[in-house]
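Coordinate inspection notes
Okay, here's what each chain looks like letter by letter:
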Amino acid sequence: IYVSAEVLGYLFGVRVDVNWTELTALIRRTDHLPSVRRIRRESRREQALSNRSAAAVFPLAPLDERAADGAVFDWAVTLGSRDPLNTTGADLGLGLQVLNGSLEVRHGERSTTAGRSDWTRVSWLRAWTNRKWLRQARLGHGFATGPAPRGLFGVAITNAPYLRPSDFEYQVLRGSAPGGWDVELYQHQNLVDYTTADRFDAYRFEVPLRYGPNPFEVIAYGPAGQVRRSRIAYVVPFDRLPQGQFEYGVSGGVCENDPCQGQLNLDTRYGLLPGLSLRGGLQTFWRDTLPDLWHPYATIAAQPSRSLNVVLEGFAGGYASGRLVFAPSFDLEARLAHTEYADRVAAPLIGSSILERQTNASFFWRPQATNSAPFLRIDASRYETANSVNQMIRAHGTG
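Described below are features of the structure shown in this document. These figures come from a predicted structure and were not determined experimentally.

Rules used throughout
Residues numbered from 1 in each chain as written. Predicted model: local features only at pLDDT ≥ 70, side-chain atom pairs only at ≥ 80, totals over all residues. Heavy atoms only, no water. Salt bridge = Lys/Arg side-chain N within 4 Å of Asp/Glu carboxyl O. Helix = DSSP H or I, 4+ residues; strand = E, 2+ residues; numbered from the N terminus. Buried < 20%, exposed > 50% of the residue type's maximum accessible area, 1.4 Å probe, protein only. Pairing = 2+ DSSP bridges. Axes fitted to C-alpha atoms, helices over the stretch in contact; angles between N-to-C directions. Core = buried A, V, L, I, M, F, W, Y, C linked by side-chain atoms within 4.5 Å. Contact = heavy atoms within 4.5 Å. Disulfide = S-S within 2.5 Å. Phe/Tyr/Trp six-rings, centres within 6.5 Å; stacked < 30°, edge-to-face > 60°. Lys NZ or Arg CZ within 6 Å of the ring centre and 35° of its normal. Polar contact = N/O pair within 3.5 Å; in protein donor to acceptor, adjacent residues only side chain to side chain.

As for the pattern of salt bridges
Applying the stated criterion to the full structure yields 23 salt bridges. For Arg231, the salt bridge goes to Asp331, with nearest N and O atoms at 2.7 Å. Taken together, the positions of Arg231 in strand β14 (residues 227-236) and Asp331 in the loop between β20 (319-329) and β21 (332-341) put the pair 100 residues apart, joining distant regions of the chain. With a relative accessible area of 27%, Arg231 lands in the partly exposed category.

Focus: the sheet that holds strand β10 (residues 182-187)
Overall, antiparallel pairing links the four strands, which are arranged β11-β10-β13-β14 in an open sheet. Looking along the sheet, the strands with just one partner apiece sit at the ends: β11 (190-196) and β14. On average, each strand axis in the sheet is inclined to that of its neighbour by 20 degrees, with strand direction left out of account. In this structure, β10 lies alongside β11, joined through six bridges in antiparallel fashion. Across the sheet, residue Asp182 finds its bridge partner in β11, namely Thr196.

Some words on the pairing of strand β4 (residues 88-98)
Taken together, the eleven bridges between strand β3 (residues 68-79) and β4 define a ladder with antiparallel strand orientation. Bridge assignment links Ala76 to a residue of β4, and that residue is Asp91. When β4 meets strand β5 (residues 101-112), the two strands line up antiparallel, connected through eleven bridges. Bridged to Leu94 within β5 is Val105. Linking two consecutive strands that pair antiparallel, namely β4 and β5, is a turn of two residues; a positive phi of about 55 degrees is found at Leu99 within it.

Here's the deal with the environment of Pro304
Secondary-structure assignment places Pro304 in strand β18 (residues 293-305). Taking the C-alpha atoms as reference points, Pro304 and Gln189, separated by 115 residues in sequence, lie 28 Å from one another.

Focus on the pairing of strand β16 (residues 262-273)
Working note: regular strand, side chains alternate between the two faces of the sheet. Where strand β15 (residues 246-255) meets β16, nine bridges bridge the pair, whose relative direction is antiparallel. By the bridge assignment for β16, Gly253 is matched with Gln263. The turn joining β15 and β16, which pair antiparallel and follow one another in sequence, is formed by six residues; a positive phi near 65 degrees is taken by Asn257. Counting the residues between successive antiparallel strands, the hairpin from β16 to strand β17 (residues 276-286) contains two residues.

Details of the nonpolar core
Formed by 20 residues in total, the largest nonpolar core has its most connected members in Val183, Leu185, Phe205, Val207, Leu209 and Phe216. Of all the secondary-structure elements, those providing two or more residues to this core are β9 (167-176), β10, β12 (202-210), β13 (212-221) and β14. Ranked by residues supplied to this core, first place goes to β12 with four residues. Sequence-distant contacts of Val207, defined by excluding residues within four places in its chain, comprise Glu169, Tyr170, Gln171, Leu173, Leu185 and Phe216. Counting eleven residues, the second largest nonpolar core, distinct from the first, contains Leu293, Tyr297, Phe315 and Tyr341.

Side note on the state of the cysteines
Tallied over the entire structure, the rule returns one disulfide. The disulfide that involves Cys255 links it to Cys260, with 2.0 Å between the sulfurs. In this structure the cystine formed by Cys255 and Cys260 twists about its S-S bond by roughly -110 degrees; its chirality is therefore left-handed. The residues Cys255 and Cys260 share a single accessibility class, namely buried.

Topic: the environment of Gly281
Among the structural elements, Gly281 can be located in strand β17. Along the primary structure Gly281 and Arg344 are separated by 63 residues, whereas in three dimensions their C-alpha atoms are 22 Å apart. Residue contacts for Gly281: discarding those within four places in its chain leaves Leu266, Asp267, His295, Pro296 and Tyr297.

Quick look at the packing of aromatic side chains
For the structure on display, the rule yields nine aromatic pairs. Feature note: the residues Tyr297, Phe315, Tyr319 and Tyr341 constitute an aromatic cluster, connected by ring pairs. Of note, Arg121 hangs over the ring of Trp119, and the distance from its end group to the ring centre comes to 4.6 Å.

Description of the side chain of Asp258
For Asp258, the location among the structural elements is in the loop between β15 and β16. One polar contact links Asp258 to Arg150, side chain to side chain, over a distance of 2.9 Å. Setting aside anything within four residues of it in sequence, one finds Asp258 in contact with Arg150 and Leu349.

These values are about where atoms sit, not about what they do.
Printed below as a string of structure tokens:
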């Protein structure tokens, strides 16, 4: 069968340049051909695999343990513009390594027409990376452990990492595409993985997740040059832990900047399932003239599906709250949060002495899957006290 180059180019939408002297045919404008797209996909995959194998692994250098090491000193002096002689302030700070930990000493003074005040804070913190049951220890001024930390002067220990890794864990991402289609997974325009849809019109990826938002783009290629794109959102809230991971925190000491004499916190967290984390503990405050406060608490952070995150939290004698986030993609997101505050608590330290309940909701929609496309955002809130109700609705967007 003989077909002219012009007819062949018209049928396939390409340009054919024939060189009769060398008996060659050069086919141009072939980006839309399924075979060319397949070759380019295979080239991208080979490049992605080679980049993974060539990724360098840098070993961590062991720390040189010393009883004391380098120090840093800083200072600052402020003067009022109207009355510089009577409105002055001074801040001094000293930091150095002591017993393989960080020792910080800070002192400040303020002088105004109303009088003079000063403060001094001392804290020592050490962090470990190679221990399972003790990774942080703090003495002196700092914050208590737990979901509602307060300032204290005392001690705090925990096995939570000082710098939590951004990597969360691998989870399965499932989808559907016609059987035999090639499917690629991208994150930040980088090829993460690829597969082929099975005979049940389904595909799956094991994707690496990080805390916070995880944007993915799935591109499916058909045998006749078909292309389907979809953007997927996978949000990992910071309330969750990887499955099987256990963390605890214990702190106690004298209250700082709060009307109480002492406080104690016992906190535990556990990743029960890939999409379920539990938290529970006790927050206690001892007060002088007012009754002591005992707040057992519990938190449930669940992800029933890829698009849905639910967080339920309750402090006995403090508040009960729930947060719901529905985000099938980064072009559509709806949030709803509601909190009920406990009453009949004199001068509460957990909760609110003014609010009885509050509700916050938001809605975001972008009709086109591009970052510069028009969008609509609506925010609403409602605050209730014993004597008033305040409501607010705000909407904005671009056309």
